[in-house]
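Coordinate analysis (summary)
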Amino acid sequence: MADTMGHSATATRNTSVALGFCLLALAPQIFELIWSIGTIFGWGAGRGPATVLISHTTALVAGAPAALLGAIGGETKKASSDVLLALIYSYPLFAVAIVTLFMTIKSGQDYIGGVILMALALFALWASSDLQGMRGFSFGAGTAPRMFGGLLVALSAAIALTGLLSEGPALAHYSWRGPLFVMCAILFFALAIRPLGLVVSAFVSFMIAALGSHETRWVEAAIVGACLTAGCALLFPYVLGLPMPMFPRFLVQ
Amino acid sequence: MELFANLAHGFAVAFSPINLLMCLIGALVGTLVGVLPGIGTIATVAMLLPITFGLPPVGALIMLAGIYYGAQYGGSTTSILVNIPGEATSVVTAIDGHAMAKQGRAGPALAIAAIGSFFAGCVATVLIAVLGAPLTKLALAFGPAEYFSLMVLGLIFAVVLAKGSVLKAIAMIVFGLLLSMVGSDIETGASRMAFNIPELADGLGFATVAMGVFGFAEIIRNLDAGAEMNRDLVQQKITGLMPTRKDLIDSAPAIVRGTILGSILGILPGGGAVIASFAAYTLEKKIAKNPSRFGRGAIEGVAAPESANNAAAQTSFIPLLTLGIPPNAVMALMVGAMTIHGIVPGPQVMQKQPDLVWGMIASMWIGNLMLIIINLPLVGIWVRLLRVPYRLMFPSIVIFCAIGIYSVNNAPVDVILAGVFGLVGYWLIKHDFEPAPLLLGMVLGPLMEENLRRALLISRGDWSVFLTRPLSAVLLAIAAFLLVLTLLPMLRAKRDEVFTESEN
């Protein structure tokens, strides 16, 4: 009884891990899609969401298989960057995801860590695929990135393999509260420092970061935050002489 | 005696009022950082880099150096009194140091740690002065092939000395090398892996990545563990700092051994203070007549690692000043500080900037003297700092880091990038990948690629050049030997594991 329960538990676990890898395999495409929504409102340059969606879908469904078959058939045609992304990055990860379904993961920490690292390496291989390679005996711009990218793919595959073959720690628990609020604080600071100045952005970021711990006492945090802001407002621009906007732009003008 | 003339010149530079002040500030900040857990040397030096813009180069480097070795002193205080390491380098000090504190011998433990550090600091200062000139001459005989091989050796050292899986450490180095290639190619100027983001055209800033992986990631990790870390501060007043005669006799050989081991590990590329303290503790435990004393308040367990980490912190300046190769992440940041002031680290520095090199060396000795005063009689002040709860400290560190990164280039994108690398660092921690080799790979990446390309260009694409040039061949042979040496016991251990499992 206990045995079957244990088995079904690993099975569901594996399915969710495999689904996670599928999501990882599509992450750059999804990221570009989200990013492209901004172009509707006129932020940033790039392709619109409709173009992005169509181009990636065709690349994934039709373009890449065609290019793959063409390559086997000995055809050498320049593939578009979307097709290359599907070929170099997404397909290998889909393959890994499918393999994951049939494996027993002995060490989640190593296996998942290895696969994510492999994803990063594959992504780097894709990112450097448009660069020039060797010219005679001299290195092109793309030689070294491709060399180390390939090496990292091999190493991360080996790490993932040790996660399958030898016992090790399971996937560690990720918490969301600390990372979320600390990242929000950093993001707010980065976006606010130019328009709102040091005083506002430092204090607000302090309070956002303080949300990251459930032990925060608000009055105490506000007092310390105010003191720290005052200290920074004196230290950085005056004592250290680093030019920095102090107050919100609309107040100064 | 050129050496004494040089040292005298150095002391003349270091004793100028501004440099003395910088040395004191560095020592104070270093002690503060060392005492406070949750903020490391790497993050601090990265944070303070922009501050050095306005300072004269000699003063700036004296201050940054002071932070590094000052943190080695401060870290021991927290380890001994609170049983959590203030600094990664004093992890092992906590084992016996805190045991001593519980027996009411916190005073002697602190004193021995400081005396050991001071002794090690003095020896290391002399060592830098003695080895500097000959190593510089050696460096002039180095061609691109030799530089490349030396860096390979350094990276292999980092792998060998890293704790945990060798495979993961190598993967981290390669990941670091890849990260270093983001931005413009040195030779062709082609934009690599920059995705048309203008801020990436210049490459990923080393300080940005270091701050993310070591600063932000550390904060997030600490929040995970519950902000209120177990701080069983030794509450009783520290009485009687002076160690007994027996303490001194017991610890003297340990201090000497720790200093020697630390100095060697500091010079080797890929080494550094953290590894030195671990190695020194292990050595003491191995050669002790009665190893069971360790962990229950053996004074050697405090003396050896504390001497070793301080010696290593200082001798790691040797490869930087003579060969221009940063042996660890903190030294890589020092390269950053030097480049801010237009100084290219390498063999020329010794000749072209005698003020800088000898002034810095002399300041180390002065700094050590200051530190022993800062740390021993004033220990009460530092202990009071430890009562600041983490829930107030961590948002402050976040803000300081953010302002620090922003002010390096006045670029908000850098702050966001550091945040992203904070998440990457958190992920690395969760999967038991070590971030230190990653940073080393990132630092050595551009140097390695440049020398590799140059060496192959000179040899007209012949890879055997690395083996036919004798110096390069020797370096590579040592690297290969080391790697085999590390892999062998690991394979054997794996086999033993399998055997014990099958027996069960």
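A brief report on the enclosed structure follows. Position numbers for residues count from 1 along each chain, tracking the sequence in the order it is written. In the order they appear in the text, chains get letters beginning with A and ligands get numbers beginning with 1. Note on the predicted model: pLDDT of at least 70 is required for a residue's local features to be given, and 80 or more for side-chain atom pairs to be given and counted; whole-chain, interface and lining totals, by contrast, use all residues.

**Focus: the overall build of chain A**
Secondary structure assignment for chain A yields eight helices and zero strands. Numbered from the N terminus, helices here are DSSP runs of H or I no shorter than four residues, and strands are runs of E no shorter than two. Reading chain A from its N terminus to its C terminus gives the helix and strand order α-α-α-α-α-α-α-α. Three exposure classes are used, based on other C-beta atoms lying within 10 Å of a residue's own C-beta, which is placed from the backbone: buried for 20 or more, exposed for 12 or fewer, and partly exposed in between. Expressed as a percentage of the 253 residues in chain A, the buried residues total 32%. Distance between backbone-placed C-beta atoms decides contact: two residues are in contact if it is within 7 Å. Summarising the internal contacts of chain A: among those between residues at least 6 apart in sequence, 64% fall at separations of at least 24.

**Concerning the overall build of chain B**
Tallying secondary structure elements over chain B gives 22 helices and two strands in all. The C-alpha extent of chain B, read off along each of the three principal axes, is 70 × 70 × 50 Å. Counting across all 504 residues of chain B, residues that qualify as buried make up 60%. A separation of at least 24 residues holds for 80% of the contacts in chain B among residues at least 6 apart in sequence.

**Topic: the nonpolar core**
The term nonpolar core means buried Ala, Val, Leu, Ile, Met, Phe, Trp, Tyr and Cys residues held together as one set by C-beta atoms within 7 Å. Leu61, Leu64, Ala210, Met211, Leu333 and Val398 of chain B are the most contacted members of the largest nonpolar core, which totals 240 residues. When we break this core down by domain, the ones giving at least three residues each are domain 1 (2–165) and domain 2 (177–252) of chain A. Filtering out sequence-adjacent residues up to four positions away, Leu333 of chain B remains in contact with Ile42, Val45, Ala46, Leu49, Ala207 and Ala210 of chain B. An automatic or database domain assignment provides the domain bounds reported here.

**Some details on the interface of chain A and chain B**
Contact with chain A, which involves 58 residues of that partner, is made by 51 residues of chain B. Where the side of chain A that touches chain B is concerned, the elements lending two or more residues are helix H4 (108–127), helix H5 (143–165), helix H6 (177–210) and helix H7 (218–239) of chain A. At 17 residues, the largest contribution of residues to the side of chain A that touches chain B is made by H6 of chain A. Residues are grouped as follows: nonpolar covers Ala, Val, Leu, Ile, Met, Phe, Trp, Tyr, Cys and Pro; charged covers Asp, Glu, Lys and Arg; every other residue, Gly included, is treated as polar. Split by residue class, the side of chain A that touches chain B holds 39 nonpolar, 16 polar and three charged.

**Quick look at the packing of helix H8 (residues 166–180) of chain B against helix H20 (residues 435–458) of chain B**
Residues and elements named next belong to chain B. Here an axis means a line fitted to C-alpha atoms, over the contact stretch when the element is a helix, while the angle between two N-to-C directions is reported on a 0 to 180 degree scale. Where H8 meets H20, the closest approach of the two axes is 7 Å, and the angle between their N-to-C directions is 40 degrees. Between H8 and H20, the interaxial angle falls into the category oblique. Here the hand of the crossing between H8 and H20 comes out right-handed. When H8 is examined against H20, the residues Ala169, Met172, Ile173, Val174, Phe175, Gly176, Leu177, Leu179 and Ser180 are found in contact with a partner set consisting of Pro437, Leu438, Leu439, Leu440, Gly441, Met442, Gly445 and Pro446. A class-by-class count of the residues in the contact of H8 with H20 yields 13 nonpolar, four polar and no charged. Roughly parallel refers to an angle under 35 degrees, roughly antiparallel to one over 145, roughly perpendicular to one between 65 and 115, and oblique to any angle outside these ranges. For any pair of crossing helices, the crossing counts as left-handed if the nearer helix is rotated counterclockwise from the farther one by less than a right angle, and right-handed if it is rotated clockwise.

**As for helix H14 (residues 329–340) of chain B**
Residues and elements named next belong to chain B. Here H14 is twelve residues long and its end C-alpha atoms lie 17 Å apart, about the 16 Å a rise of 1.5 Å per residue gives. Most of H14 sits out of view: ten of its twelve residues are buried. Within the span of H14, buried status applies to Ala329, Val330, Met331, Ala332, Leu333, Met334, Val335, Gly336, Ala337 and Met338. In the core, the buried residues of H14 are packed alongside helix H3 (41–48), helix H4 (57–82), helix H9 (206–224), helix H13 (317–322) and H20. Within two residues after H14, Gly342 carries a phi angle of roughly 75 degrees, on the positive side. The length a helix should cover is 1.5 Å for every residue beyond the first.

**Some details on unusual backbone geometry**
All names here are of chain B. One non-glycine residue with positive phi stands out, namely Asp432, at about 65 degrees. Note that Asp432 resides in the loop between helix H19 (412–430) and H20. The class of Asp432 is partly exposed, set by 17 C-beta atoms lying within 10 Å.

**Describing the environment of Gly272 of chain B**
Residues and elements named next belong to chain B. Note that Gly272 resides in the loop between helix H10 (245–267) and helix H11 (273–287). Take Gly272: there are 30 C-beta atoms within 10 Å of it, and that puts it in the buried class. Between the alpha carbons of Gly272 and Tyr406 there is a distance of 28 Å; along the sequence they are 134 residues apart. Those residues in contact with Gly272 that sit more than four places away from it in its chain are Gly266, Ala312, Ser316, Pro327 and Asn328.

**A few points about the environment of Arg146 of chain A**
Residue and element names in this part refer to chain A. Looking at the element boundaries, Arg146 is found in helix H5. Residue classification places Arg146 among the partly exposed positions, given that 18 C-beta atoms sit within 10 Å. In this structure, the C-alpha to C-alpha distance between Arg146 and Gly133, residues 13 residues apart in sequence, is 8.6 Å. Leave out the neighbours within four places in its chain, and Arg146 touches Leu125 and Ser128.

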